[in-house]
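# Descriptive structure summary
Here is how the chains run, residue by residue.
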Amino acid sequence: MLIKRAQFVALFFSLGLGLALLLMIATQDIAFAWSTTLQVSPQGFHSVLVCVSSPWSFYFPSAVPSLELIEQSHYFRLGDNLSQKMINDASSLGAWWKFLLCATIFYAIFLRFCLYLLSVLGFQLAITKSILSMEGVKQILEDMNEPIISTHAIESMDSYEVVHTGELQIIDAFRDSYNGVQGWAMPVEKLLVLNDILSINSQVLYEVGGTNSLKVDSEIIAKSQGEILLYVKGWEPPTMDFIDYLEELLIEVDRVTVMPIGTEENSYIPMPKSIEVWSRKLALLEHNKVYFKHFTQGSDI
Amino acid sequence: MIDSHPQFAVVGHPNKGKSSIVSALALDDSVHISDVPGTTTKQRSFPLKVDGVILYELLDTPGFQRARRVLAWLQKHEVSADKRQDIVQKFINVHQFDPKFNDEIQLLTPVMAGAGIIYVVDASKPYGEEYEAEMEILRWTGQPSMALLNHIEDTDYSVQWKRALGQYFKMVRTFNPMKTDRLQHISILESMSQLKEEWIAPVKKSIVLFERYQKQMIHQSASKISRLLEESLGLIEKRSCDSDKVEEKDKEAVEIQYKSHLRLLEKETQKKIEKIWNHASVKKEQALLTFDELDLFSEESAAVFGLTRKELMITGVTSGAMTGAGIDLVFAGHTLLLGGIIGAVVGGTGAYFGFKELSEIKVLGQRVGTYSVQIGPMKNKNFPYILLGRAIFHAYHIATRSHAIRDIEDLSMDSTLKEQWLTDTLRKSLESSHKIFRSGDTIGVEVGESYTLLVEDILEKLIQRIEE
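Residues numbered from 1 in each chain as written. Chains lettered and ligands numbered in written order. Predicted model: local features only at pLDDT ≥ 70, side-chain atom pairs only at ≥ 80, totals over all residues. Heavy atoms only, no water.

### Thoughts on the overall build of chain B
- When helices and strands are counted, chain B shows 16 helices and 11 strands.
- Relative to its full complement of 468 residues, chain B shows a buried share of 55%.
- Surface accessibility of chain B: about 21400 Å² in total, with carbon and sulfur atoms responsible for 53%. (Helix = DSSP H or I, 4+ residues; strand = E, 2+ residues; numbered from the N terminus. Buried < 20%, exposed > 50% of the residue type's maximum accessible area, 1.4 Å probe, protein only. Areas by Shrake-Rupley, 256 points an atom, 1.4 Å probe, with all protein chains shown as cover.)

Structure (structure tokens):
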């Protein structure tokens, strides 16, 4: 900011200088001369001036001092012949003004103007840089340049929890015998194995659910009576298909004992989490004919 | 039919991990995952959107509840294979408002609208014939389908499942949403794209975008970590006191204030990073990863995340020597390189003895009669490494954590992760930035940017390593 202002002031100073020069040329008859204490020949001085005038020599060749003009305007403090020569050529000594004006325009005004433009550019860069260093600006710019990718759901999800109500009747020991043993999506062979392990006595074994048609299940329900032991796979959650079957069965029988079992690899002992899922679902039925039996309680393998 | 973008309906038996799979594939932890069957009662859409344009859509659906009844209804209509789709559509139309079939309607509607089927089963449990009814219903829909074997437990029944699923689905893949990583994710997306020829291009485009999305997230995390280091190291805490003679209680109070501010900055950054990686569902109040009461300023934290005394000495020696070498340069070597040697000794011993001190506590005179005690910026050379180590540890675990996991992880920490990323060369680069951050001066954008790049590189390499 300071540099920019300094350049601005200097530019106006240079413009003032140029104007003052023009004013002096216009209002006064100035005879220009040059002198030096050093041993500089007019030829040497001429070549220096040609070099200085190179930026405008192509456009304004008359603004480049000729060797002749330099020789004529060479001023010495001592010596008569030189002063006489200068007096003779007095009319041509004013020709220097073109060179001086061009030098002022180029070196004082034009170059200062360039420096001023540079300072403006530098100032703008500094502002940009200071904005970029502000917290969050970079993030906004990145967000604007990068595609906005999102993968989540548009609406938030209300958590749906089953309200636990109702009491579940849990029994500790098996009956001596059951009127029927059924397995939900379990083949009869599996039911035999389970009965054997748990010392359950029943001659009427049915596979229900699974690949049975609804008609077959209805026929089994029609044949069912008394007290039923119903094995279910503990690792499978109770579906509404199962609940439909159980509700229909409960109409026909006196009591249904549901017992979740585990996988064969787990010696049929169900996981505590699955027992919880099944007991919670069955409790929701609030049916006085439904009983729940834990596999580990009252059964020895 | 939906032609604009591919849709994939994740369907299956209740409680078999459908929501977990959707959560992992959509990188969204707001999916309600529960071990209570029937938690998902409505289909929910998870679109992959780029600048508002949907590239593909995942649909989480409720599980089959009365599959046998639905199949029985369908089979009542004896039709040729080409008419089966019409019968399924008829079932939807007839039972649209029947609460009994709500779940089946919810899952069959998007399928019949053209969504690809992703049938999920739990291969850690034995196959059961009760699944056949629902697989048959899906076959009736005539939509392109694939099966995903999920493993909720460690037991494996994949062989029997593959044998059964092979009869209904052309493609059977294994996907564990709890242990998913970027490569597994991409591999599943590629399989999904194979379901229909016209889905290949948009899903392939999504894969490229996923890669870019991950890079974006790594960059944003690195930027937050860089900002944390910059703010923490340059932090100055002031507290007014009664006289220019600082009492011990004033020193303690300002130090407590300083430490709690630093802890807060760390916690805020962790939350921001969790948000970047979509692990900050609004309902979560606790931090996802806990440092097991391992305080930022504890000795244990310094031992696990900080530099060893030897490393600290080397770091101190290097930075001291660099300052000394600067003096040598100014005097064009006329100091006989003594500057470098003295700087190294001073820097090294300073770092060694300054292991516990955080910063100098100064008393500042303010208006007449009022004084304040000031602490900061951070002078401790080890602190930046402890803070950075903890931040990288946290970001790395968040970046590689599956969105299907709902538990709060208590991370067991040791220095093995630090050993994987903190090399001698990197330490030197980090130290030069730490020095600028510690100076308390205004930090140039370039310093922060170059530090972000260093952290980004560390995170990228760590994440890539786990995938290899």
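### Some remarks on the sheet that holds strand 4 (residues 116-122) of chain B
- In space, the 7 strands of this open sheet follow the order 1(A)-2(B)-3(B)-1(B)-4(B)-5(B)-6(B), with mixed pairing throughout. Each edge of the open sheet is held by one strand with a lone partner, namely strand 1 (149-150) of chain A together with strand 6 (171-174) of chain B.
- Relative to strand 2 (residues 44-50) of chain B, strand 1 of chain A runs antiparallel, the two being bridged by 2 bridges. By the bridge assignment for strand 2 of chain B, Ile149 of chain A is matched with Val50 of chain B.
- Against the sheet, helix 1 (residues 18-26) of chain B contacts strand 1 (7-12), strand 2, strand 3 (53-60), strand 4 and strand 5 (145-150) of chain B, and its axis sits at roughly 160° relative to strand 3 of chain B.
- Sheet strands touched by helix 7 (residues 182-193) of chain B: strand 1, strand 3, strand 4, strand 5 and strand 6 of chain B. Its angle to strand 6 of chain B, the strand with the most contacts, is close to 170°. (Pairing = 2+ DSSP bridges. Contact = heavy atoms within 4.5 Å. Axes fitted to C-alpha atoms, helices over the stretch in contact; angles between N-to-C directions.)

### Things to note about the interface of chain B and chain A
- Chain B puts 54 residues into the contact, and the matching count from chain A is 51 residues.
- Taken together, the two surfaces of chain B and chain A that pack against each other cover about 4700 Å², and 51% of this comes from carbon and sulfur.
- The interface formed by chain B and chain A contains 7 salt bridges.
- Between Arg68 of chain B and Asp241 of chain A there is a salt bridge whose closest N-O contact spans 2.9 Å.
- Applying the counting criterion to the chain B and chain A interface returns 13 residue pairs in polar contact (both at pLDDT 80 or more).
- Among the elements that take part in the side of chain B that touches chain A, helix 8 (residues 200-234) of chain B stands out by supplying 10 residues, more than any other.
- When the residues that make up the side of chain B that touches chain A are grouped by side-chain class, the tally is 18 nonpolar, 14 polar and 22 charged. (Buried area = accessible area lost by both parts, 1.4 Å probe. Salt bridge = Lys/Arg side-chain N within 4 Å of Asp/Glu carboxyl O. Polar contact = N/O pair within 3.5 Å; in protein donor to acceptor, adjacent residues only side chain to side chain. Nonpolar A, V, L, I, M, F, W, Y, C, P; charged D, E, K, R; others polar.)

### Examining the pattern of salt bridges
- Within the structure shown, the criterion is met by 24 salt bridges over all chains.
- A salt bridge links Arg255 of chain A to Glu227 of chain A; its shortest N-O distance comes to 3.0 Å. Of the two residues, Arg255 of chain A is situated in strand 6 (residues 255-261) and Glu227 of chain A in strand 5 (residues 227-233); the sequence distance between them amounts to 28 residues. Here Arg255 of chain A and Glu227 of chain A have matching classes, each one buried.
- The partner of Glu248 of chain A in a salt bridge is Arg69 of chain B, and the shortest N-O contact between them spans 3.3 Å.

### Let's talk about the confidence of the model for chain B
Residues and elements named next belong to chain B.
- Of all residues in chain B, 80% have pLDDT values of 70 or greater, and the mean over the chain is 82.
- Across residues 349-355, where pLDDT falls below 50, the model places 12 contacts with residues more than four positions away in sequence or in other chains.
- At the level of chain-chain contacts, confidence expressed as ipTM amounts to 0.72, with global pTM at 0.70. (pLDDT = per-residue confidence, 0-100.)

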